[in-house]
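Here's the letter readout for the chains.
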Amino acid sequence: MAAPGSRIGKKAKNDDFYKAILLLQDEQECYSFFRDVCTQTELRAMEQRFEVARLLRKGMVYNDILERTGASSATISRVARSMNDSDGGYSCVFERMEGGKPDDGEL
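The following paragraphs examine the structure supplied in this document. The model shown is predicted, which means the values in this text are computed figures rather than measured ones.

1. Some details on a nonpolar patch on the surface
So, step 1. Among the surface-exposed residues, F50, V93 and M97 lie close enough to one another that they form a single nonpolar patch of about 270 Å² accessible area.
So, step 2. Mapped onto the fold, F50 is located in helix 3 (residues 40-57).
So, step 3. By relative accessible area, F50 is classed as partly exposed at 31%.

2. Remarks on the environment of R78
So, step 1. You can see R78 is positioned in helix 5 (residues 73-84).
So, step 2. In this structure, the C-alpha to C-alpha distance between R78 and A53, residues 25 residues apart in sequence, is 9.9 Å.

3. Focus on the nonpolar core
So, step 1. Core analysis: the biggest nonpolar cluster contains eleven residues, these being V52, A53, L55, L56, I65, A71, I76, V79, A80, Y90 and F94.
So, step 2. Listed by contribution, the elements that provide at least two residues to this core are helix 3, helix 5 and helix 6 (89-97).
So, step 3. Examining the composition of this core, we find that four residues originate from one element, helix 3, more than from any other.
So, step 4. Dropping the residues within four chain positions of it, Y90 is found in contact with R49, F50, A53, V79, S82 and M83.

Rules used throughout
Residues numbered from 1 in each chain as written. Predicted model: local features only at pLDDT ≥ 70, side-chain atom pairs only at ≥ 80, totals over all residues. Heavy atoms only, no water. Patch = residues over 30% accessible without salt bridge, like charges linked within 9 Å, V, L, I, M, F, W, Y side chains within 5 Å. Areas by Shrake-Rupley, 256 points an atom, 1.4 Å probe, with all protein chains shown as cover. Salt bridge = Lys/Arg side-chain N within 4 Å of Asp/Glu carboxyl O. Helix = DSSP H or I, 4+ residues; strand = E, 2+ residues; numbered from the N terminus. Buried < 20%, exposed > 50% of the residue type's maximum accessible area, 1.4 Å probe, protein only. Core = buried A, V, L, I, M, F, W, Y, C linked by side-chain atoms within 4.5 Å. Contact = heavy atoms within 4.5 Å.

Here it is in structure tokens:
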């Protein structure tokens, strides 16, 4: 498993960006921040990838995910690969959303 942030490229400005996200206190602040930082297209793409990951985690097959989300097979494959060969970000978030605590080896 790669060290957190290793795929992004370690720069001080990257650290500050992610630290800024951690300062957001509620959903409305997140909406406002990401609407300022991202285009609508970028936000929809991130939301779609998140939904694809959620459905993959539930065991849904590619064709059903494609039909339900409109995501391309390339996007679904990319998300699946990311979930299997990543820093554990998706797993960490999903486990927390489900009320669990991520494994120590994740993130």
